[in-house]
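Chain residues, written in single-letter form:
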Amino acid sequence: MQFFSSDFKLGILGGGQLGKMMLYETRKWDIQTKVMDASAEAPCKIACNEFVQGSLMDFDAVVAFGKDVDVLTIEIENVNVNALEKLEHEGIKVYPPTKTLRTIQNKAVQKLFYTDHNIPTAPFTRFAYTSEIEDSILNGGLSLPFVWKSAQFGYDGQGVKVVRTMEDLKDLPNVECIAEQMIDFKNELAVIVARNTKGEVVTYPVVEMEFHPEANQVEYVICPARIDDEVAQKAREVALKVSEHMKHVGLLAVEMFQTQDDQILVNESAPRPHNSGHYSIEAGYTNQFEQHIRAILGLPLGKTDSKVAGIMVNLVGAEGHTGYVVYENIEKILEMDGVTPHIYGKKQTRPFRKMGHVTIVDENMARAREVAQQVKETIKVISK
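Residues numbered from 1 in each chain as written. Predicted model: local features only at pLDDT ≥ 70, side-chain atom pairs only at ≥ 80, totals over all residues. Heavy atoms only, no water.

### A closer look at the packing of helix α1 (residues 17-28) against helix α9 (residues 288-296)
Here is step 1 of the chain: Running from amino to carboxyl end, α1 crosses α9 at an angle of 70°, the nearest separation of the two axes being 8 Å. When the axis of α1 is compared with that of α9, the two are roughly perpendicular. Viewed along their axes, α1 and α9 form a crossing whose handedness is right-handed. Side by side, α1 and α9 meet where Leu18, Met21, Met22, Glu25, Thr26 and Lys28 of the first sit next to Phe289, Glu290, His292 and Ile293 of the second.
Here is step 2 of the chain: When grouped by side-chain class, the residues that make up the contact of α1 with α9 number five nonpolar, two polar and three charged. (Axes fitted to C-alpha atoms, helices over the stretch in contact; angles between N-to-C directions. Helix = DSSP H or I, 4+ residues; strand = E, 2+ residues; numbered from the N terminus. Parallel < 35°, antiparallel > 145°, perpendicular 65-115°, else oblique. Left-handed = near helix turned anticlockwise from the far one by under 90°. Contact = heavy atoms within 4.5 Å. Nonpolar A, V, L, I, M, F, W, Y, C, P; charged D, E, K, R; others polar.)

### Quick word on the pattern of salt bridges
Here is step 1 of the chain: Applying the stated criterion across every chain yields a total of 22 salt bridges.
Here is step 2 of the chain: The shortest N-O distance in the salt bridge between Lys86 and Glu90 comes to 3.0 Å.
Here is step 3 of the chain: A residue is classified by how much of its surface remains accessible, and Lys86, at 34% relative accessible area, is partly exposed.
Here is step 4 of the chain: In this structure, Lys111 engages Glu180 in a salt bridge whose closest nitrogen and oxygen atoms are separated by 2.7 Å. Of the two residues, Lys111 is situated in helix α5 (residues 107-116) and Glu180 in strand β9 (residues 177-181); the sequence distance between them amounts to 69 residues. Taken individually, Lys111 and Glu180 each receive the classification buried, so the pair is uniform in this respect. (Salt bridge = Lys/Arg side-chain N within 4 Å of Asp/Glu carboxyl O. Buried < 20%, exposed > 50% of the residue type's maximum accessible area, 1.4 Å probe, protein only.)

See below:
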């Protein structure tokens, strides 16, 4: 099949920043794209060939959208999988396959998948409703503290809460959820695995994630991770095992904990380009978005090595600011060497909303980390 400068059409469900960055690559290769998102202001709107406004959870809307594309992919997991299944049966190529998506979409199902396939993960208990947790604690079935996660529709720190006291249960939604044992970890790591339609597989270097203590969002992604080679090797092996059993096509980002005794436990996976791979746009030979396109089109996979050390800083809306966005001091960070801001195109900011990211590249990791700190302290995402 001819993909380049042809009638071939790639469909993308979701019009956020991940889709927008995928479109940089389709533009580069002159591949036609059609995107659907619920928002008329979606970042993807300016860069795709065809934009459809519609809910990703609406069965009829998704089926109608997918009927005239050749390959359909996603940039967010919260999509109507029944609709994708129908499209798959009708011969549309859907990547990641719906089976993979079903497993990942529900955190309880995802965790059971790990235990069923002997993939190391933190011990957990599954609940049909949050309201059942209190009984379980009182009956000694569950002990505090633990991490509460809603089974569905959680993202970017939403749908996750550390429960230290009974009081912490009060404001949680009464939904299907898991209670996960808190892990005393040294590091949070991630490995992105790419698998194409022909079964070719490559992994990206292990990255290390530093989190914001309150927002439960990644503040820095550091590549390569500052860990021993044996730990890095173990992390890659675990990620490959997840990939092999998930049978995904495209990218799979596997987030993990490195415990105090250097065990690797899988936290969760995402079957798409991921925040932990943004550094690759400037630091890698093949950035994650190009790799995802290569994989779902069955093209040869690109080299995953980094050219230089890369650090990514997330740009999130400052607390106390809601409204039209202003990137304060962006000129100052543009004066710094090796610094590249990426602005996602969301006109409205609110506290902790992901509005962009900045990559910092340098031959010297320590220097890159210092500049990342300066960037973090300089640029502010505020409102008018």
